[in-house]
Amino acid sequence: MKKSKSMMIIFLAPAVLSYLIIFLYPSVRTAFMSLFKVENITDAVSKWEYVGLQNYQGLQESSLFVQSMKNLVNIWFFGGLIVFSMALLFSVILTSGIKYKSFYRAIIYLPNVVSAVAMGTMWMQYVFSSRYGLLKGVFESLHLTTLTNIQWTSPDMIFISLLIAYCFGMIGYYMLIFMAAIENIPTSFYEAATLAGANIWQKFTKITLPLLKDVFRTNIVLWTISSVAFFIWSQVFSPLNPEPGTVTPMVYMYQMVFGNNMVVTDRNVGAGAAVGVILTLIVVAMFAITSKLLKSDEYEY
Amino acid sequence: MKGLKRLLIFLMVTMLALSGCASQNSDAGGSDDGAKVELVYWSMWNSTEPQAVALEAGIKEFMEKNPDVKVTINWNGREIRKTLQPALDNGQKIDIWDEDLERVTKNWKAYALNLEDYLKKTYDTTDGKRYEDAVMGSLIELARYFSEEDAAYAVPYQPFVFAFMYNKEHFEAANITETPKTWDEFLVACEKLKTAGYVPLTTDDAYIDTLLGYHLARYKGYEWVETLVQDKTNALWDDEAVLKTAENFEYLATQGYLSDTVGSNKWPAGQQDIAAGTVSMYLNGTWLVNEIMGSTGPDFKWGTFSYPTVEGGVDGQNAANYGSQAFQINKNCENPDVAFELLVYLTTGKWDTEIAKQSFGVPVSGTAEWPSQLNEAKSVFENLNQVYPWAAGIQADTDKLPIIAEAFTKLLSGQFTAKEFIEAMK
Amino acid sequence: MRYKMNKKTAMLPGYAMLNLWILFTFFLIGWIVVASLSTTSGIFGGKILSSGFHPSNYSKALFTHNVATYFKNSMLYTFTACTGVILIAAPAAYILARYKFKFSNVMESVFVSALGIPQIMIILPLFALVTKLNIANSRLLLIILYIGINVPFTLFFLITFFKTIPKDFEEAAAIDGCSPMKTFWIVIFPLAQPAIVTVTIFNFITVWNEYFMALIFANTSELRPVAVGLYSMIQSMRYIGDWAGMFAAVVIVFLPTFLLYIFLSEKIIAGVTGGGVKG
């Protein structure tokens, strides 16, 4: 095909330019900034004070930041476990020839299109309420006293509550991806397995799961990216001050850079930048690990 | 397919046009209606709050009286704590803003105008007095105190005291004739309330740490509390005062003086219990009256008493966190005279009374009457002569605060003993 | 049928689980709607049905807040950004899919790597930049940002698609004397319609629900989109202890999206499933 240089430049330029301005320049500058003490986000570079790795050291010593990283890991791991297993379960049920499939599918996916602020408020102010909450009401009517007495928004439960609410919304999306992948697997595979006398569980573990490897890889990367960006749910669950159960690195950085709600504090934009660098490294590492562990082997079908 | 493309192009063109128009409109602003002076006010209130409604009406009247002044209000809500400074750094046109007196002075003094000259002048609504003599002198003094250079950088309004707010009907029914002065009296009152069938005390996640801060400060003073939380070695948590404080609260929990839901209260759930009449006391600012007015109605019988003293403690009931909301004027404001006139208009005479009345708050000018709900708060206020910082210093380390709050919540809800609480702090 | 289940009974646990889930979802939304028509004391007293019918919660929420502005903003941001993203990403994706040049592979992976950069990494310098350029707080800025952050994903998505279009189309067009640029817009771009629709649906949902950027870059109420607007409405209702009003605000924001979803759910779902599977 004939190459047209001018066309290539015209077609590529806007995308490249937007990438340079919105991604490359800021990332480099943030990485750089993480080595400085910067009081105001708008300070010129000349006002930055070089501190080496002190910002990172400070983060390591900050109990709140350490807590936020723990929460992130827990959200990623336990949330991932819940979301992936539920999504997989639903997608297997929905692809097994069930009636009203598209209705069920649509409702389960619904929370994804609704603003997280609205969903979070519903959970926080209704489901988990210790006065008129849905869970309290349901358990009460079943006479399950211990469950009724759980205070879902107390410090030791709030993380679990947050996780449940978050996962509830995320399951639909991953379910759709799994469903599409399962539907792509030719039925002949299963027919052959049936002839060989395999039961449902064997068919699932021997055929479905291995063939979903690629999808798993994509999903894990997507899940990592969305976990790292965990912010708005924390805001809805702890709107005033960060609390140990809900704080995430994004929330921590927001406080670091824009100041605390109630008290007068030192702000350090450099530390906020360091949080960004750490999170980016995590995503990159996750990306590398999953690609390595779940190496893509091509199935032809 | 052509249809889609056309649609896309159409959408894009209209949207771009819309966005163009919109931004032009907001830029051009008042220049059409001949206004000469434009002021932009960033408010700490949400547009639905009574303070906002009253302020808006006051500002509107000011504009009617001064047709060449146009004031644009941006209702930020409390998010202003995070949005204002970046916007100021940004050079956005913001002439006036408001927030808590301590916070505006300590955080944003560098952006604000020194108001000393303006305070010494007289204005139409100050009855011939200098402005600083027409309003509560103690607050002007407080503004100077916070600035650390004996100059006021803020105009106070809406004074508050942070103290125990209680339901007087409960106290009467429980036959408590005098408000508690000491911790022992406080415990007696709790017992009486409990016997009378009320839950004595509750709080919410937003304020839970204030109980701890006040109690520790009664023992050792607020400066000690600040050192306590800022000390990275955590050695001070072994102090006897901490243990006594923790045991005092453990006692409250074991005696059933605290609401069952105190561990899970998300603000303002606990406040709604006060409104519903199931709980009697709540440590809060006098603004509580206004914040739950929607549920209590104006006939709720409010009482106020200062945090009780503790045995062997250094601070008396004359020390508390008190202060006010406060306006600041941007030091780069093009028309500071007009801006200050507006603030005078809002904080004296008719509108001072009106704002206090509509928001069941305290008027800032000495002459205006306090709302009946705050009668007792007035005497508490008049007896104060030592000011605590917010939460008596317990929040001085933002990093430590969430951990303190969590452990203290567990102490109050009975999940921690006093010893476990102290362990958790180290 | 993936798993042959001869007996209907084998599906019963599946139906039971699905129905429980659906029931919960409906109950959740239903309660919020009923509560939004109740009163605060009714909600706290557990009597949302018997506390009367109070549609005034809605008029309060609608008229004392800029709900209409929030929606207008969200619509403006979403439509413009979605269109802009396509106009920028589609041509670039086409070049990267079709032409091999020195750095084409590098460029492709550089773009893809942007998918892994968390927003937190780019937000601080962007804030400083717009401050310096004095363009903070305008609708245009938010639109530009929304376009910029969605370009890499869109590009990545469209490259995969363009690679599947046979080259015959361009060759035929070249024989007809059509310039390559014209060929793209007239021949290829329309062919890519299904992929464009799919990716636009994704972008639409992302931008419509975006919160963090808007929180930081749009700090006046005239500029706020729905997500941030709703958050500030909820906060404000909490400050005046108006629970019913708070739930009304939630419903007001929830409802239009929900209605739209009812009509478009098939398309949206087809979009998600059509695109997301490629590893």
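How each quantity is defined
Residues numbered from 1 in each chain as written. Chains lettered and ligands numbered in written order. Predicted model: local features only at pLDDT ≥ 70, side-chain atom pairs only at ≥ 80, totals over all residues. Helix = DSSP H or I, 4+ residues; strand = E, 2+ residues; numbered from the N terminus. Rg over C-alpha atoms; globule rule 2.2 N^0.38 Å. Contact = placed C-beta atoms within 7 Å. Buried ≥ 20, exposed ≤ 12 C-beta atoms within 10 Å, placed from the backbone. Nonpolar A, V, L, I, M, F, W, Y, C, P; charged D, E, K, R; others polar. Core = buried A, V, L, I, M, F, W, Y, C linked by C-beta atoms within 7 Å. Domains from an automatic or database assignment. pLDDT = per-residue confidence, 0-100. Pairing = 2+ DSSP bridges. Right-handed = clockwise from strand over helix to strand, strands pointing away.

When you go through chain C residue by residue, the secondary structure sums to 13 helices and zero strands. Listing each helix as α and each strand as β along chain C from the N terminus yields α-α-α-α-α-α-α-α-α-α-α-α-α. Relative to the globule expectation of 19 Å for 279 residues, the C-alpha radius of gyration of chain C, 24 Å, shows a markedly less compact shape. With respect to the principal axes defined by its C-alpha atoms, chain C has extents near 75 × 70 × 35 Å. Restricting to contacts in chain C with at least 6 residues of sequence separation, those with at least 24 account for 74%.

Across its full length, chain A carries 14 helices and two strands. With respect to the three principal axes, the spread of C-alpha positions in chain A is 75 × 75 × 30 Å. A total of 301 residues make up chain A; the buried ones form 50% of that total. Restricting the contact set of chain A to residue pairs at least 6 apart, pairs at least 24 apart contribute 67%.

Each partner contributes to the interface: chain C provides 76 residues, whereas chain A provides 87 residues. At the level of elements, helix 1 (12-36), helix 2 (40-44), helix 4 (67-98), helix 6 (119-132), helix 7 (139-164), helix 9 (180-191), helix 12 (226-239) and helix 13 (243-276) of chain C are the ones that each hand at least two residues to the side of chain C that touches chain A. Among the residues making up the side of chain C that touches chain A, the classes are represented as 57 nonpolar, 14 polar and five charged.

This next bit is on the interface of chain B and chain C. By a widespread convention, an interface's size corresponds to the accessible area lost as its parts come together. Of the residues lining the interface, 36 residues belong to chain B; the matching set on chain C comes to 32 residues. Those elements giving two or more residues to the side of chain B that touches chain C turn out to be helix 1 (2-28), strand 2 (69-75), helix 3 (80-89), helix 13 (269-276) and helix 15 (293-296) of chain B. Ranked by residue count, the leading element in the side of chain B that touches chain C is helix 1 of chain B, at twelve residues.

Time to look at the nonpolar core. With 186 residues, the main nonpolar core has Ile 171 and Phe 178 of chain A together with Ala 89, Leu 158 and Ala 249 of chain C as its most contacted residues. The dominant element in this core, judged by the number of residues it contributes, is helix 8 (residues 158-184) of chain A, at 20 residues. Mapping this core onto the domain boundaries places at least three of its residues in each of domain 1 (8-56) and domain 2 (67-223) of chain C. Setting aside anything within four residues of it in sequence, one finds Leu 158 of chain C in contact with Ala 89, Ala 90, Ala 93, Ala 192, Ala 195 and Val 199 of chain C. Residues Leu 113, Val 229, Tyr 307 and Ile 422 of chain B belong to the second largest nonpolar core, which totals 135 residues.

Let us look at the confidence of the model for chain A. Per-residue pLDDT for chain A averages 89, and the proportion of residues at 70 or more is 95%. Within chain A, the element-level pLDDT minimum falls on helix 10 (residues 200-211) of chain A, averaging 87, and the maximum on helix 3 (residues 63-94) of chain A, averaging 95.

All names here are of chain B. Here strand 1 (residues 37-43) runs beside strand 2; their pairing, made up of seven bridges, is parallel. Pairing of Tyr 41 across the sheet is with Ile 73, part of strand 2. Read from strand 1 through helix 2 (residues 50-65) to strand 2, the crossover connection turns out right-handed.

Secondary-structure assignment places Leu 126 of chain C in helix 6. Put simply, Leu 126 of chain C and Leu 145 of chain C are 19 residues apart on the chain and 9.2 Å apart in space, counted from C-alpha to C-alpha.

This paragraph deals with unusual backbone geometry. All names here are of chain B. With an omega of 0°, the peptide bond running from Trp 267 to Pro 268 counts as cis. Its location among the elements puts Pro 268 in the loop between helix 12 (240-254) and helix 13. Phi at Phe 360 is positive, roughly 45°, even though this residue is not glycine. With respect to the helices and strands, the residue Phe 360 is situated in the loop between helix 17 (349-358) and helix 18 (375-383). Assessed through the 22 C-beta atoms surrounding it within 10 Å, Phe 360 is described here as buried.

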